[in-house]
Structures are given as C-alpha cells and as structure tokens.
Amino acid sequence: MSWSKPHPSTPRGLRPARRTVLASLLCLAGLSACGFQPVYAPGGTGRALTGTVSVDSPDTSYAFSLAQQLEIIFGPPVTPRYRLAFRVTTRSDRVAITAEQDTNRYNLIGQANYTLTDLSSDKVLRSGNVDSFVGYSASGTTVATLAAERDGYERLMTILADKIGSELLSAPLEPAQ
C-alpha cells in the first residue's frame, strides 16, 4: 500500500484521513446530544439482557433453531431475570411454477410473536411480532430439495431471532402499556 502526499492546496491540519476522523467525532457528538446510547454501554439494554434471559423451551424443530439463535444473542442465562416466550408460525408458498405445474422455487414465510416478562414482578416488559421470508430452489433432486428446504427454515429462524434481538436490544426495558 502506498501513501500519496496530500494535494498542495490541502491545509496540513485537514488531510483526508483527519477529515474522516473529525467527521466521525462530530457524528458521535451529534448522536449523544439526541439521547443515543450504545446498547452495551453501562446502563444499556444489552448489558441488562446479557446472561439474564431465559428462553422458553421450543415445541418444534424450527422453534428449536429460533431458541438456539436467541440464546446466542442474549447468552446462556446465568442469572435469569427475564423470560422470553415466543410462538412461531410458518407457511410455504409455491412461487416458480412451470407450464407442466412443477414447482421450481418456494418461499418460506415466517412470523414470530414474542413476550419478554420480568420474572420477579411477572410484568410484561416488551411484546411484539416479527416476520420475514426466505426462498429455496426445488429444481434439483428430491434429496437436494429437502436439504434446501431444511436450510431455508434454518435461515428463516436466524432472521426472526435477529429481528427479535434487535427489537429487544434497541428499546429500554419498561413495562408494556
């Protein structure tokens, strides 16, 4: 990697790298002025939820994948203070149908409803639902199609878990209204 000299008209104190750092610091200052707080900062929601969320036991293999992803996001419950209950629904839609009525592609659509409850007071702190979809190809052999479907469900559960995690981590822990 070679470094080039700044253009002679560029003032010494405002070289491109320094301008980038200065712009980043100004952006951070602006964010802190509007109430922005990093999730994992002291007092942040991320710190409050890490190692304290007990995820309900899944009832299907796909819900098991979702629960696994949620435990990765929040960490294993060392001292459970919160309970995360969820319910997953999925459906499969045919989207690429040939003239012979063979399906070459499917969409998997999923929705997860969740509730975060404080274990000490039994108050619901947050609840909501998230949804997403993924697609998979069904144009190969039966074995390849089944593997693609299984992978599609895994990807869908990961997306749903990430969305639940983002929603829970992005807002303060207050009782739901």
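Whatever comes next refers back to the structure up there.
Cut-offs applied
- Residues numbered from 1 in each chain as written.
- Predicted model: local features only at pLDDT ≥ 70, side-chain atom pairs only at ≥ 80, totals over all residues.
- Heavy atoms only, no water.
- Helix = DSSP H or I, 4+ residues; strand = E, 2+ residues; numbered from the N terminus.
- Buried < 20%, exposed > 50% of the residue type's maximum accessible area, 1.4 Å probe, protein only.
- Phe/Tyr/Trp six-rings, centres within 6.5 Å; stacked < 30°, edge-to-face > 60°.
- Pairing = 2+ DSSP bridges.
- Axes fitted to C-alpha atoms, helices over the stretch in contact; angles between N-to-C directions.
- Contact = heavy atoms within 4.5 Å.
- Core = buried A, V, L, I, M, F, W, Y, C linked by side-chain atoms within 4.5 Å.

Chemist: If you had to explain the overall build of the protein chain to someone new, which residues and values would you point to?
Modeler: Counting its secondary structure elements, the protein chain contains 4 helices and 4 strands. The N-to-C order of helical and strand elements in the protein chain reads α-α-β-α-β-β-β-α. By the burial criterion, 27% of the 177 residues in the protein chain qualify as buried.

Chemist: Account for the packing of aromatic side chains, with residues named and values stated.
Modeler: This structure, assessed with the given rule, holds 2 aromatic pairs. The interplanar angle of 15° and the centroid separation of 5.3 Å between the aromatic rings of Tyr106 and Tyr136 together place this pair among those described as stacked. Residue Tyr106 is found in strand β3 (residues 103–118), and its partner Tyr136 is found in strand β4 (residues 124–137); the two are separated by 30 residues along the sequence. On the basis of relative accessible area, Tyr106 is assigned to the partly exposed category, the value being 22%.

Chemist: Quick one: what's the story with the sheet that holds strand β1 (residues 53–55), residue by residue and with numbers?
Modeler: One open sheet holds the 4 strands; their spatial order is β1-β2-β3-β4, and the pairing between them is mixed. Strands at the two margins of the open sheet, each flanked by one partner only, are β1 and β4. Each strand axis lies, on average, 25° off the axis of its neighbour in the sheet, ignoring direction. Against the sheet, helix α3 (residues 61–74) contacts β1, β2 (82–97) and β3, and its axis sits at roughly 125° relative to β2. Relative to β4, helix α4 (residues 142–169) is tilted by about 150°, and along the sheet it contacts β2, β3 and β4.

Chemist: I'd like a description of the side chain of Ser65, backed by residues and values.
Modeler: Along the chain, the position of Ser65 falls in helix α3. Not counting residues up to four positions away in its chain, the partners in contact with Ser65 are Glu154 and Met157.

Chemist: Give me the lowdown on the environment of Ser92, citing residues and values where you can.
Modeler: Within the secondary structure, Ser92 is located in strand β2. Put simply, Ser92 and Ile109 are 17 residues apart on the chain and 6.2 Å apart in space, counted from C-alpha to C-alpha. Setting aside anything within four residues of it in sequence, one finds Ser92 in contact with Tyr106, Asn107, Leu108 and Tyr136.

Chemist: Go over the nonpolar core with me, naming the residues and quoting the values.
Modeler: Of all hydrophobic cores here, the largest spans 27 residues; its most connected members are Leu70 and Leu84. Within the residue set of this core, elements represented by two or more residues are β1, α3, β2, β3, β4 and α4. When residues in this core are grouped by element, the largest group, 8 residues, is from α4. Setting aside residues up to four positions removed in sequence, Leu84 forms contacts with Val53, Ser54, Val55, Asp56, Leu70, Phe74, Tyr114, Thr115, Leu116, Ile164 and Leu168.

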